[in-house]
Amino acid sequence: MRLEHEILELRTLHAFNIAREAAPAARHSVWVRLTDDDGNTGWGEAAATPYYGETAATVAAVLPRYQQAMEEGAAGDPFALERIEKRIAASVGYNPSARSAISAALHDLVGKRLGVPVWKLWGLDPASAPASSFTIGIDELEVMRAKVREASGYPILKIKVGTARDEQILAMIRDEAPEVVIRVDANTAWTAKEAIRACDMLESYGVEFVEQPLPPADTEGLRLLRRRARLPIVADESCRTSADIPALVGAVDGVNIKLAKCGSLREAIRIVHAARAHGMKVMLGCMIESTLGIAAAVQLAPLMDYVDLDGAALLASDPFRGPGMERNGLLRFNDQAGLGVTVVGVTGPGVT
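Per chain, residue numbering runs from 1 following the sequence as it is written. Selection of residues for local features in this predicted model requires a pLDDT of at least 70, selection of side-chain atom pairs for listing and counting requires 80 or more, and totals for whole chains, interfaces and linings are taken over all residues. Water and hydrogen atoms play no part in the side-chain values, which are based on all heavy atoms of the structure.

Caption draft 1: Representation of helix α11 (residues 265-277). Where helices and strands are cited, they refer to DSSP runs of H or I of at least four residues and of E of at least two residues respectively, numbered from the N terminus. Expected helix span is taken as 1.5 Å per residue step, with the number of steps being one fewer than the number of residues. The first and last C-alpha atoms of α11 sit 19 Å apart over 13 residues, in line with the 18 Å expected at 1.5 Å per residue. All of the buried residues in α11 are Leu265, Glu267, Ala268, Ile269, Ile271, Val272 and Ala275. The backbone nitrogen of Arg266 lies 3.3 Å from a side-chain oxygen of the residue at the head of α11, namely Ser264. The rule is simple: take the accessible area with a 1.4 Å probe, protein chains only, and divide by the maximum for that residue type; under 20% is buried, over 50% is exposed, in between is partly exposed. Polar contacts here mean pairs of N or O atoms no more than 3.5 Å apart (in protein, one a potential hydrogen donor and the other a potential acceptor; neighbouring residues in sequence count only if both atoms are side-chain atoms).

See the structure below:
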């Protein structure tokens, strides 16, 4: 199989700030393309995230090594997905978004060869997928108010918190959208004591759950918080792969799975099974990425309790069209084979 890639610049419609960092001027992801000997193509997107040690440049640098590992793992059989992904994972370090892009491209390719959507390969039912939240990033209060008004129609809002103005923000949200479901994400901003105090306030505003309130390694702090707070706690940065689940048992109520964090579609499914075996809820999230990256995640959405797949909806311009989130929060699935993605705003070699 031939592996090609192209670096894409993605800009959000509004500045997307979170508690631990201000929004960059632009983000760069990598469009990965696989072509088999019969000319069939599979696409994937690496939403490289510096927080997890990746940039578009590191993705581009590691792809040749992954191509070699992929060819060794396939041994002439492009349907040997589990074996290929294991060989790739063992070949070079962590690099989760790079591996997830190849995973998506492999599944896209197999789906196209078989003539079915990827979700159908797993026998999933799109009708069982939960609605997605839409995220409001941190900003000045009136800017956030304008964003909430602009997001009218989305039934679930995820609010980035971790500021000295969190209660003002929540009060404004309830004033502007009294019926909306609210989830909050602190992106590691608090200590355990701060989170306990914050949860009392958040509960008064009807928040559904709190995502990643503490630093990733503070498992004991999460245990204390879970004992003291009534709101459910969902781990994001604390849970990268299925190997992280055992340490989180009893510390959180659920985990947030992201393809660019866990490294592949198949690892995402392993996280689902591991979490459910321990009575945890499962959430499917995303980075800021185009419809190509979101489309890969959509294929797994029927397995989830919660979904946050708004990455492409936050963009000023999206180079792809395909599965994603509708304006009412419901997910749009593909009937086309593979991931069901077409290109609308990129030109280059191998674009079909």
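Caption draft 2: Spatial organisation of the environment of Glu203. Position of Glu203 relative to the elements: it lies in helix α7 (residues 192-204). With a relative accessible area of 30%, Glu203 lands in the partly exposed category. Two residues form a contact once any of their heavy atoms are found within 4.5 Å. Excluding its chain neighbours within four sequence positions, the residues that come into contact with Glu203 are Arg230 and Leu231. A distance of 2.9 Å separates a polar atom in the side chain of Glu203 from a polar atom in the side chain of Arg230.

Caption draft 3: Examining the packing of helix α1 (residues 56-74) against helix α2 (residues 81-91) more closely. The geometry of α1 relative to α2 is characterised by a closest axis approach of 8 Å and an angle of 140° between their N-to-C directions. The chirality of how α1 crosses α2 is right-handed. For the pair formed by α1 and α2, the contact residues are Arg65, Tyr66, Ala69, Met70, Glu72, Gly73 and Ala74 on the first element and Arg83, Ile84, Arg87, Ile88 and Ser91 on the second. Only the contacting stretch of a helix is used when fitting its axis, a line to C-alpha atoms as for every element, and angles between N-to-C directions run 0 to 180 degrees. Crossings are sorted by hand: turned counterclockwise from the far helix by less than a right angle, the near helix makes the crossing left-handed, and turned clockwise it makes it right-handed.

Caption draft 4: Quick peek at the nonpolar core. The set of buried Ala, Val, Leu, Ile, Met, Phe, Trp, Tyr and Cys residues whose side-chain atoms join them within 4.5 Å is what this entry labels a nonpolar core. The biggest cluster of nonpolar side chains holds 89 residues, and the ones touching the most others in it are Ile159, Trp190, Leu202, Val255, Ile257 and Leu309. In terms of nonpolar packing, the next biggest core, distinct from the first, is built from 26 residues, Ala98, Ile102, Ala105 and Leu109 among them.

Caption draft 5: Examining the sheet that holds strand β6 (residues 181-185) more closely. Only strands that DSSP links by at least two bridges are regarded as paired with each other. Pairing in this open sheet of eight strands is parallel, and the strands run β4-β5-β6-β7-β8-β9-β10-β11 from one edge to the other. Both edges of this open sheet fall to β4 (134-136) and β11 (306-307), since each of them pairs with a single strand only.

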